[in-house]
Amino acid sequence: MDGSFAYYGTLIHSHSPSQIEILDDTLVIVDDRGKISHISPQFQPRDGRSLEDSIGPLIDRPDARIPVVRLQSPSQFLVPSFIDTHVHAPQFSMRGLGQGLHILDWLDQITFPHEAKFRDTDYARQVYARCVDMGLRQGVTTACYFGSLHTPATKILVDVCLEKGQRAFVGKTCMDNPETNPEYYREDTAEVVAGTREVIEHCRAVDGKGDIVRPILTPRFAISCTPESLTELGKLAREHEHAYGVGQGIPNQTHFCEAQQEIDATLKQYRNFSCEADLYTHYGLFDHSSVLAHCTLLSEDDQAKIKQRNCGIAHCPASNTTVGGGFMAAPIRKLLADGVTKIGLGTDSGGGFSCSIMDAMRLALIVGNAREMLSAGKEERLKLEEIFYMATLGGAKVLRMEDRVGSFEVGKQFDALLVDMSDPYHNASGRFDAVHTMMDGESQSADGIRSVWEKWVMSGDDRNLRKVWVGGKVKKDTLGDR
Ligand code: GUN
Ligand code: FE
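If you're wondering where the values come from, they're calculated on a predicted model, not measured in any experiment.

Caption draft 1: Representation of the pattern of salt bridges in the model. Counting across every chain of the model gives 24 salt bridges. Note that Arg33 and Asp31 form a salt bridge whose closest N and O atoms lie 3.0 Å from each other. A relative accessible area of 13% means that Asp31 is categorised as buried. Here Glu198 makes a salt bridge to Lys155, at a shortest N to O gap of 2.7 Å. Here the residue Glu198 occupies a position in helix 5 (residues 189-206), and Lys155 occupies one in helix 4 (residues 151-164), the gap between them amounting to 43 residues. If you follow the salt bridges from partner to partner, you end up with Glu385, Arg450 and Glu454 in one network.

Caption draft 2: Here's a closer look at the coordination of the iron ion (ligand 2). Coordination sphere of the iron ion (ligand 2), protein contribution only: His86 (NE2), His88 (NE2), His255 (NE2) and Asp348 (OD), at 2.1 to 2.3 Å. Its four donor atoms give the iron ion (ligand 2) angles of 84 to 176° at the centre, a pattern that matches the irregular case. Binding-site remark: the iron ion (ligand 2) is held by donors from one chain whose sequence spacing is H-x1-H-x166-H-x92-D. Note that His88 is positioned in strand 6 (residues 82-88) and His255 in strand 12 (residues 252-256), a separation of 167 residues in sequence. Across this residue pair, the class does not change: His88 and His255 are buried.

Caption draft 3: Examining the UniProt feature "domain: Amidohydrolase-related" (unreviewed entry) in the chain more closely. As recorded in UniProt, the sites labelled "domain: Amidohydrolase-related" (unreviewed entry) are residues 77-474. With 40% helix and 17% strand, the stretch residues 77-474 has end C-alpha atoms that lie 16 Å from each other.

Caption draft 4: Structural view of the environment of Ala265. Mapped onto the fold, Ala265 is located in helix 7 (residues 260-269). Residues Ala265 and Ile223 lie 42 residues apart in sequence; the distance between their C-alpha atoms is 7.2 Å. Ala265 has contacts with Leu104 and Ile223, leaving out every residue within four places of it along the chain.

Cut-offs applied
- Residues numbered from 1 in each chain as written.
- Chains lettered and ligands numbered in written order.
- Predicted model: local features only at pLDDT ≥ 70, side-chain atom pairs only at ≥ 80, totals over all residues.
- Heavy atoms only, no water.
- Salt bridge = Lys/Arg side-chain N within 4 Å of Asp/Glu carboxyl O.
- Buried < 20%, exposed > 50% of the residue type's maximum accessible area, 1.4 Å probe, protein only.
- Helix = DSSP H or I, 4+ residues; strand = E, 2+ residues; numbered from the N terminus.
- Donors = N, O, S within 2.8 Å, 3.2 Å for Na, K, Ca; no water.
- Tetrahedral: all angles 85-135°; square planar, octahedral: opposite > 155°, others 65-115°.
- UniProt positions renumbered as here; feature names shortened; annotations may be inferred.
- Contact = heavy atoms within 4.5 Å.

Here it is, written out as structure tokens:
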């Protein structure tokens, strides 16, 4: 028996930002390398055979015995697992602090003193282990991390992600500007560059193909850097343009047009540029591999350049409405209407309060409603399909991983969640209870399944995620069927 397995039941995933696909009575087979090898919708065993006996002929291995788990319909279904496109791992232990502060005050008073603690590698290991465990438990199987500025702690974050098997981009946060960073939490330009190289080399040494962990260039934001460090980071991007295959280089991430206080300070410090897009473009850090967190206050120019250069956007509605500068909300409807679809969700960690992408989905819905009202209806609210897309396939596109994860396609990795919306029960395998909207007689029809999916998106939490897989490997199991 190899490690292949199969599930039979309902699969739900995104096709496009506005469309989900519900695949019913579907057989999905995962091969021993964790890849989806077959998807057969509306699959019925023939000639009175059992499901198990039907699989061998289907995969041209008549004698193969692959275990098949049947999902209950409509209360259980599979979805692609979540992608967190913007999260600060060191802030995991300060979430919720400093609510209401404007961004630069919040960084000075709360965040920098906290992140400075990651000089202590024991502390780093402890917090990062908890951060990654909690991510996996909540269905986040890919995360795009900012570390602290410390090279040793950032290498520990790489190791923890690899050990625990959470796919990750890991960046050493670069901060070398003596005008904007306190003395106790900044480095010299040379240290920034050498440390970034060291993290890149470490990632490549421990995971050569980058299946689980890859590095990401991480200028915290322009004002925390100097023109010299931005120039060097741009050079590193070019130097590693094909690090993971042709055109698959090392991506970059930053905080982009997040708050008025930040934008004003940026354009004052970098007087030669009239928008942030031009600034990062000048330094070679604004292209298809850029992950731009926030984008709440985009000028027309910024938006046009994001589209033109095919950048990815990490929408972080929790932090945008709690710290930073009052109530901010990225113009997601405007971007989608403009054809910009590389948009994912970020929890942001400290800037927000929740490390749950389910919360991020609902907050995205809420800030979308606010934008509809504030624009007198011009920017139509977001649909459930769109927030689910951002949590899954959209996030994969932002991180340029859509050929590997984000939806259910033959050849992609089985990074998935088993959602259970059953009413509470107690049986031989244990007790299940959660706080989701109860079932109300929904049938197995497409409408019934859709209602249960809506209930999950709006009222579910980590308890409803009974299983979490990364590349076919079980990372959480509260069901105990396999
Ligand atoms: N801008 C620069 N650093 C940060 C950070 O840590 N969080 C948020 N939300 N914005 C930032
Ligand atoms: Fe952030």
